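One-letter residues, chain by chain:
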Amino acid sequence: MKRTLFSLITVCVALFSGCRDKIPELHPTADNPVTVTFWYDPSVSEAGSPPADWAAYKIIREKFGINLELTMLPLAVADQTVKVNAAADGDMLPDMVIVHRESLMNLVKKGLIMQVDDLYPLMPNRTEKMYNETSRRFATFNGKCYGFSTPGGKIQKNEGVLIRKDWLDNLGLSVPKTIDDYLNVMRAFTFKDPDGNGKNDTYGYGAFLEINNYEEGLGRRLDPIFGAYGVSGTWNMTESEAGLNVRKPAYFDALATVATMQSERIIDPNWLGYKKDGFRAAWKSGRFGIMREQNSAYASESNYAPFDRKFPEGSWIVIDPPTGPDGKSAVGVYTIPYTTLVISKRAEKEGKAPLIAALLEWMVSDEGYYLFGWGEEGVNYVFDENHIPVAEGIPDPAKSFAKNAQQPLLQLRTMVFWHSDAELISRYPTYTTEVSHKTMSALTVLREMQQKSWMNATGSDTLPAPSTELKTFYEQGVLDFVTGKRPLTKSDWSAWLEEFDKLGGAKWEQDGISKAKESNYLY
């Protein structure tokens with residue numbers, strides 16, 4: 001192992017130095033180490049930094065000749081930005097630092113961080129697991145990449161379209177594919193007694209108003225309908241069609257589809273009154289047969305149990321969102337809250353970059369991955385029969401990786417976590433339902449949901465917000481059209497858009513596009 005790591009460092013140094021002029025080649029040892037300073041974003045905000053006797057310090061020194069010096073960044077993003085920007089102003093950046101978007105752009109403009117395109121090939125395993133085209137583009141300016149961006153602990157695309165498979169079977173229906181198929185199944189679920197109880201008490205689609213600044217209008221629960229027309233979410237973040245979706249012609253068609261669902265009463269009429277808890281109580285009681293839901297809220301043991309008790313013969317399956325007339329389809333939009341690891345120009349000039357690359361690559365090896373993610377094997381965790389880290393069976397239960405006192409050992413786990421099964425199985429264990437005895441796994445459901453069509457809207461949650469007056473006009477307006485308070489005709493819609501623009505809609509769009517371009521969010 002030592003020979004392999006030594007070879008890795010040697011190759012990294014040789015390859016990198018061959019690409020750069022006048023950069024010293026460092027050959028540190030455990031007895032003559034190179035100090036690498038790192039300002040990190042803590043994984044556990046209430047816990048302290050790793051202790052002086054942290055096992056990783058010794059291993060890193062022995063394997064790489066690196067004396068790693070850690071400094072915890074402030075907890076609040078605003079405070080982190082102030083600290084990093086102040087260090088930049090004084091030319092006092094550490095060798096490595098985790099930054100948010102504002103600081104990243106500032107450091108690029110000031111020329112204080114290195115271009116890292118040449119480092120990705122030196123980290124093949126890390127690059128494959130943790131970085132992709134989207135993450136690299138996030139840190140790319142004028143064709144050069146300036147950092148390693150990761151989404152932290154947030155799981156992306158963890159919602160999906162679910163349908164009652166038992167209702168489809170009861171009515172002899174196939175899984176819907178197109179938007180027209182969806183509407184027909186909604187009608188059948190509403191009017192043909194899919195549960196066979198002889199009552200008129202079911203509906204085709206269930207939703208509630210769940211709105212945020214990047215899922216405006218009718219919100220995320222109805223985004224699969226809008227996705228069929230290419231207008232899910234508040235913003236389109238592509239270079240060719242950047243702008244507010246509500247101002248695009250296809251938005252009218254999507255709104256008309258929801259208006260049809262409303263007028264035909266094939267959407268649960270309580271959707272305008274439901275909050276999240278009410279919506280979830282409704283699907284568990286058999287109220288409707290199609291919905292967009294989150295993987296754990298549907299499939300985790302405690303969440304699925306009420307449905308299992310009431311409908312042991314019932315079943316839901318994850319399906320593709322509807323395809324619209326132009327072949328478009330999306331569960332909705334997703335945003336990735338990237339943070340970026342950058343390397344200072346000073347560290348590059350001192351020859352530290354290839355050492356840092358070798359360190360980062362080792363972090364995702366088995367040794368580094370489990371050390372940073374769970375602690376020391378046999379002390380903080382052991383492997384179960386499926387090679388998943390667990391606390392059961394360690395000599396001293398007080399040293400379990402799950403205990404609060406051990407959290408300082410795991411402060412850098414976001415440096416290695418990439419939502420592998422090892423990370424997620426403990427969160428989403430496989431189980432057998434109590435009544436129906438079905439095998440369920442929220443992780444399996446998550447993987448299915450992530451494979452469906454989504455629209456990338458990264459950065460849209462940071463764009464300018466509308467004024468309170470415009471926001472109210474926007475949200476109330478689309479509801480009035482859907483509920484029939486205002487006739488949804490092309491002429492009435494055009495008149496509404498004109499008023500929308502007069503209240504600041506056109507300016508809001510232009511401000512948003514300008515911000516997106518300035519921040520390099522468009523793709």
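This text gives an overview of the structure that appears in the document. (Residues numbered from 1 in each chain as written. Predicted model: local features only at pLDDT ≥ 70, side-chain atom pairs only at ≥ 80, totals over all residues. Heavy atoms only, no water.)

This part takes up the overall build of the protein chain. When helices and strands are counted, the protein chain shows 21 helices and 19 strands. Whereas a compact globule of 523 residues would reach a radius of gyration of roughly 24 Å, the protein chain reaches 26 Å, a difference of no more than 12%. Expressed along its principal axes, the backbone C-alpha trace of the protein chain runs to roughly 80 × 60 × 35 Å. Residues classed as buried in the protein chain amount to 54% of the 523 residues present. Sequence separation of at least 24 residues holds for 72% of the intrachain contacts in the protein chain that already meet a minimum separation of 6. Split by element, the accessible area of the protein chain, about 22,800 Å² in all, is 49% carbon and sulfur. Distance between charge centres in the protein chain, computed from 57 positive and 67 negative side chains, equals 2 Å. (Helix = DSSP H or I, 4+ residues; strand = E, 2+ residues; numbered from the N terminus. Rg over C-alpha atoms; globule rule 2.2 N^0.38 Å. Buried < 20%, exposed > 50% of the residue type's maximum accessible area, 1.4 Å probe, protein only. Contact = heavy atoms within 4.5 Å. Areas by Shrake-Rupley, 256 points an atom, 1.4 Å probe, with all protein chains shown as cover. Lys, Arg positive; Asp, Glu negative; His and termini not counted. Charge placed at Lys NZ, Arg CZ, Asp CG, Glu CD.)

In this structure, the largest pocket spans a volume of roughly 590 Å³. As for the largest pocket, its lining consists of 22 residues, of which Asn 132, Pro 151, Gln 156, Trp 418 and His 419 are closest to the centre. Counting only elements with at least two residues in the lining of the largest pocket, the list comes to α5 (124-130), α6 (133-138), β6 (148-150) and α18 (442-450). It is α5 that provides the largest number of residues to the lining of the largest pocket, a total of three residues. For the lining of the largest pocket, the class distribution of residues is eight nonpolar, 10 polar and four charged. Surrounding the second largest pocket, 20 residues form its lining, His 100, Arg 101, Glu 102, Thr 462 and Tyr 521 being those nearest its centre. (1 Å grid on protein atoms, 1.4 Å probe; cavity = no way out; pocket = protein on both sides within 12 Å on 5 of 7 lines; lining within 4 Å. Points joined across faces, edges and corners; volume = space filled by probe spheres on them. Nonpolar A, V, L, I, M, F, W, Y, C, P; charged D, E, K, R; others polar.)

On to the pattern of salt bridges, then. In total, this model carries 28 salt bridges according to the counting rule given. Between Arg 346 and Asp 91 there is a salt bridge, and its shortest N-O distance comes to 3.7 Å. With a gap of 255 residues between them, Arg 346 in helix α14 (residues 345-349) and Asp 91 in the loop between α3 (77-89) and β3 (96-99) connect regions that are remote in the sequence. For Arg 346, a relative accessible area of 33% gives the class partly exposed. A salt bridge links Lys 276 to Glu 210; its shortest N-O distance comes to 3.6 Å. A residue pair is termed long-range when its members are at least 10 positions apart, and Lys 276 in helix α11 (residues 276-284) and Glu 210 in the loop between β8 (203-205) and α9 (223-227) qualify at 66 residues. (Salt bridge = Lys/Arg side-chain N within 4 Å of Asp/Glu carboxyl O.)

At their nearest, the axes of helix α10 (residues 249-263) and helix α19 (residues 468-483) sit 8 Å apart, and the two run at 55° to each other. Considering their axes alone, α10 and α19 lie oblique with respect to each other. In this structure, α10 contributes Tyr 251, Leu 255, Val 258, Ala 259 and Gln 262 to the contact, and α19 contributes Tyr 474, Val 478, Phe 481, Val 482 and Thr 483. Split into classes, the residues belonging to the contact of α10 with α19 amount to eight nonpolar, two polar and no charged. (Axes fitted to C-alpha atoms, helices over the stretch in contact; angles between N-to-C directions. Parallel < 35°, antiparallel > 145°, perpendicular 65-115°, else oblique.)

Strand pairs in the sheet, formed through backbone hydrogen bonds, run parallel or antiparallel to each other. Across the sheet, which stays open at both edges, the five strands sit in the order β2-β1-β3-β14-β6 with mixed pairing between neighbours. The open sheet has two edge strands, β2 (66-72) and β6, and neither has a second partner. Averaged over all adjacent pairs, the angle separating strand axes in this sheet is 20°, with direction ignored. The sheet contact formed by β3 and strand β14 (residues 339-343) spans four bridges and is antiparallel. Within the sheet, the bridge partner assigned to Met 96 lies in β14 and is Ile 343. (Pairing = 2+ DSSP bridges.)

This paragraph deals with the nonpolar core. Counting 133 residues, the largest nonpolar core has Phe 38, Phe 148, Leu 218, Leu 222, Phe 372 and Trp 496 as the members making the most contacts within it. Of all the elements, helix α15 (residues 353-363) adds the most residues to this core, at nine residues. When sequence neighbours within four positions are dropped, the list of residues in contact with Leu 222 reads Tyr 205, Ala 207, Val 258, Met 261, Ile 267 and Trp 271. Residues Ile 155, Trp 283, Phe 288 and Leu 446 belong to the second largest nonpolar core, which totals 26 residues. (Core = buried A, V, L, I, M, F, W, Y, C linked by side-chain atoms within 4.5 Å.)

Time to look at the packing of aromatic side chains. By convention here, two paired aromatic rings are described through the distance between centres and the angle between planes. Under the counting rule described, the total for this entry stands at 41 aromatic pairs. Aromatic side chains Tyr 298 and Tyr 304 sit 5.8 Å apart centroid to centroid with 85° between the ring planes, which places their arrangement in the edge-to-face category. By relative accessible area, Tyr 298 is classed as buried at 4%. Geometrically, the ring pair formed by Tyr 369 and Tyr 370 is edge-to-face, given 5.0 Å between the ring centres and 75° between the ring planes. When sorted by exposure, Tyr 369 lands in the same class as Tyr 370, which is buried. Every member of this aromatic cluster is reached through a ring pair, and the members are Phe 226, Trp 235, Tyr 251, Phe 252, Phe 473, Tyr 474, Phe 481, Trp 493, Trp 496, Phe 500 and Trp 508. A cation over a ring is seen here: Lys 83 above Trp 39, with NZ or CZ 4.4 Å from the ring centre. It is Arg 136 that lies over the ring of Tyr 120; its NZ or CZ is 3.8 Å from the centre. (Phe/Tyr/Trp six-rings, centres within 6.5 Å; stacked < 30°, edge-to-face > 60°. Lys NZ or Arg CZ within 6 Å of the ring centre and 35° of its normal.)

Here helix α16 (residues 366-374) lies mainly inside the structure; seven of its nine residues are buried. Within α16, the full set of buried residues consists of Gly 368, Tyr 369, Tyr 370, Leu 371, Phe 372, Gly 373 and Trp 374. In this structure, the buried side of α16 is in contact with α2 (55-64), α15, β15 (382-383), β16 (389-390) and α17 (421-424). Phi turns positive, to about 105°, at Gly 375, one or two residues after α16.

Once that is clear, we can look at the sheet that holds strand β7 (residues 159-164). If you trace the four strands from one edge of the open sheet to the other, you get β8-β11-β7-β12, paired in mixed fashion. With partners counted over all chains shown, the strands left at the sheet margins are β8 and β12 (316-319), one partner each. Averaged over all pairs of adjacent strands, the angle between strand axes in this sheet comes to 35°, irrespective of strand direction. Examined bridge by bridge, β8 and strand β11 (residues 288-294) share two bridges and lie parallel to one another. By the bridge assignment, Tyr 203 is partnered in β11 with Phe 288. Of the strands in this sheet, β7, β8, β11 and β12 are in contact with helix α8 (residues 179-191), which crosses β8 at around 150°.

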